[in-house]
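Residues per chain, in single letters:
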Amino acid sequence: MSRCLNYQLLSLALLLLMTVDPSSQSRLTEENGVKSAVFLSPKIVLEPGSVSNKFYYNIDFPKGHIAIKNFDAEVVDEAGNSVPLHETYLHHWVVVRYYRQKGVEVAKYHGDLGFHQSDFIVKRNSGICDRGLTQYFGLGSETRKTITYVPDPYGIEVGNPAEVPPGYEERWLLNVHAIDTRGAEDRLGCTECRCDLYNVTKDEYDRNIEPDYVGGLRCCYDETRCKVKEGFQGARRSLYLKYTVKYIDWDLSIVPVKIYILDVTDTWKKPEKSTGTVSRHHCKIEYLVESCSAAEANADCTHTKKISVTFPSGGDIIYGVAHQHTGGIGSALHGEDGRVICSSLPIYGEGKEPGNESGYIVGMSSCYPKPGSIKISEGETVTLISNYSSAQRHTGVMGLFYLLVAEPSPTPNSFLHSTDGTGEIVILHNAVGVLAVFGIALLVGAAVMYQRWNQREEEGYESVLM
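Residues numbered from 1 in each chain as written. Predicted model: local features only at pLDDT ≥ 70, side-chain atom pairs only at ≥ 80, totals over all residues. Heavy atoms only, no water.

K.L.:
Looking at this structure, how should I read the overall build of the protein?
P.N.:
Along the protein, the regular secondary structure elements total four helices and 27 strands. For the protein, the proportion of its 466 residues judged to be buried stands at 47%. Working note: accessible area of the protein is about 24,700 Å², and carbon and sulfur atoms make up 54% of it. (Helix = DSSP H or I, 4+ residues; strand = E, 2+ residues; numbered from the N terminus. Buried < 20%, exposed > 50% of the residue type's maximum accessible area, 1.4 Å probe, protein only. Areas by Shrake-Rupley, 256 points an atom, 1.4 Å probe, with all protein chains shown as cover.)

K.L.:
It is not clear to me how the state of the cysteines should be interpreted in this structure. Could you clarify?
P.N.:
What we call a disulfide is simply a covalent bond connecting the sulfur atoms of a pair of cysteines. With the rule as written, the count across this model stands at six disulfides. Between the sulfur of Cys129 and that of Cys283 lies a disulfide, 2.0 Å long from S to S. Because the torsion about its S-S bond is -85°, the bridge between Cys129 and Cys283 counts as left-handed. Pair noted here: Cys129 is in the loop between β7 (120–123) and β8 (137–139) and Cys283 is in the loop between β13 (258–263) and β14 (287–289), with a separation of 154 residues, a long-range link. Judged by its relative accessible area of 4%, Cys129 falls in the buried class. The side chain of Cys193 participates in a disulfide bridge whose partner is Cys220; the two sulfur atoms lie 2.1 Å from each other. Between Cys193 and Cys220, the S-S torsion sits near 75°, and that sign places the bridge as right-handed. Within this pair, whereas Cys193 is found in the loop between α2 (187–191) and α3 (195–198), its partner Cys220 is found in the loop between α3 and β11 (237–249), the two being separated by 27 residues in sequence. Of the two residues examined, Cys193 and Cys220, each falls in the buried class. What connects to what in the protein, once the bonded cysteines are numbered by sequence position, is 1-8, 2-7, 3-6, 4-5, 9-10, 11-12. (Disulfide = S-S within 2.5 Å.)

K.L.:
Where do I start with the nonpolar core in this structure?
P.N.:
Soluble globular proteins tend to pack their nonpolar side chains together in the buried interior. Counting 93 residues, the largest nonpolar core has Ile68, Trp93, Phe137, Ile156, Tyr198 and Leu403 as its most contacted members. The element that contributes the greatest number of residues to this core is strand β25 (residues 400–406), accounting for seven residues. In this structure, Trp93 is in contact with Phe71, Ala73, Phe137, Gly138, Leu139, Thr143, Asn175, Val176 and Leu241, ignoring residues within four places of it in sequence. (Core = buried A, V, L, I, M, F, W, Y, C linked by side-chain atoms within 4.5 Å. Contact = heavy atoms within 4.5 Å.)

K.L.:
Help me understand the sheet that holds strand β23 (residues 381–389) in this model?
P.N.:
Ordered by their spatial adjacency, four strands build an open sheet running β15-β23-β17-β18, and the pairing between neighbours is antiparallel. Strands with a single pairing partner mark the edges of an open sheet, and in this sheet they are β15 (302–310) and β18 (340–344). This sheet shows a mean twist of 15° between the axes of neighbouring strands, independent of strand direction. Bridge analysis of strand β17 (residues 328–334) against β18 gives four bridges, and the strand direction is antiparallel. Each residue of the ladder has a partner; that of Ser331, found in β18, is Ser344. (Pairing = 2+ DSSP bridges. Axes fitted to C-alpha atoms, helices over the stretch in contact; angles between N-to-C directions.)

K.L.:
Please clarify how the packing of aromatic side chains should be interpreted in this entry.
P.N.:
In this description, an aromatic ring pair is defined by two values, namely the gap between the centres and the angle between the planes. Scanning all chains against the criterion turns up 17 aromatic pairs. Members of the aromatic cluster, each reached through a chain of ring pairs, are Phe39, Phe61, Phe71, Trp93, Tyr136, Phe137, Trp172 and Tyr243. The ring of Tyr213 carries the charged tip of Arg218 above its face, separated from the ring centre by 5.3 Å. (Phe/Tyr/Trp six-rings, centres within 6.5 Å; stacked < 30°, edge-to-face > 60°. Lys NZ or Arg CZ within 6 Å of the ring centre and 35° of its normal.)

K.L.:
Would you mind going over the layout of surface pockets with me for this structure?
P.N.:
Empty space left among the atoms is revealed by rolling a probe the size of a water molecule over them. What the second largest pocket holds in volume is close to 350 Å³. Along the wall of the second largest pocket there are 20 residues; nearest its centre are Ser126, Pro256, Val257, Lys258 and Ile259. At the level of elements, β9 (154–158), β12 (255–256), β13 and β25 are the ones that each hand at least two residues to the lining of the second largest pocket. Broken down by element, the residue count for the lining of the second largest pocket peaks at three residues, all from β13. (1 Å grid on protein atoms, 1.4 Å probe; cavity = no way out; pocket = protein on both sides within 12 Å on 5 of 7 lines; lining within 4 Å. Points joined across faces, edges and corners; volume = space filled by probe spheres on them.)

Right, here's the structure in full:
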């Protein structure tokens, strides 16, 4: 009877394990006080030429009042193997913070919100775009080799219950835009969303696509297909976005940073004092790079796009990085006096293995200025420059710039906290020694005072209160 019961329990346990959705699984580890949680997105099903650009609500995310130190992601298959960009191009992934009204039930992974705006409040980053670019985290093909850690003593504060509106709860949204380019007739054209290769005349909102719009997000939306070579056969497969979040519990020693995203397509213009009109930050997100003329083809063909905007608040630059697509040759942010705030260059792959795919941007260089050395003043006019090679036409390119900014403060207290090469918190061994010496000094001082007090009593002196 006992053996039978044990067998039934074992069978039930195995059955439960078999029915668990891989996307719901996570792995949590901790090292030197830094917790690391690994999650999988919902299943992304692709076949040659197909596109997935879905929004997943209420994704798995660390709980509590925490400071995010790092956020990495990559596309993997069902066995957990990294998938190369020449098979599945990761156009972008973004993670958005939002508040959902308690008691409102929606599908965890849903293509549309399906409920009223009052039930759903997006907690935007501190960027200046009026619409779009609301994410806290996000990259594209460069995700594997772009360093994103937040150095000590800084952190991206989330989960603070004091910030959540009454009756709401904090949640996170994930958008993954992936294009299966196996067997593609024109792989670069597919990744740049050229409209002729997708054979579309209307966008996802059923609006006509103008003849001069030759490529971009409006042509490679969810469930569209890019042209593949005739007769090519490829398996339908399930992929995931594996994302790793490193974080620490929030405490008063952590300095919070604000996230700013600037866009080189921002149409904002500095208002004339005489008119008093306010110009809006309309960020188009993507733009077209036309090829240079035949006469310039063998010369240095560079397309430069730049904008100048007023920075909304001041602070210390803690981190900076650009986002560009294939053809990008670098981006830079300049201060009002012409100084370079941050310059970010693309890293192109040279092989076939994941993270080193030839012809693709597999990373962007990041800026980590010494705290307090690079500042932006409130109301300062900054200039963003984005450079692309125009040896050939590129459609749907981007010129974004991510910044982490901390309010100016005294020199951070690094007595107990420092950083290693990965940006993780480590406890300084020297601090332990200093504390030990300090404790010994207190004991010696107390012994001397006690001896003097005894001497004074013997000599008839009154004790002194200290």
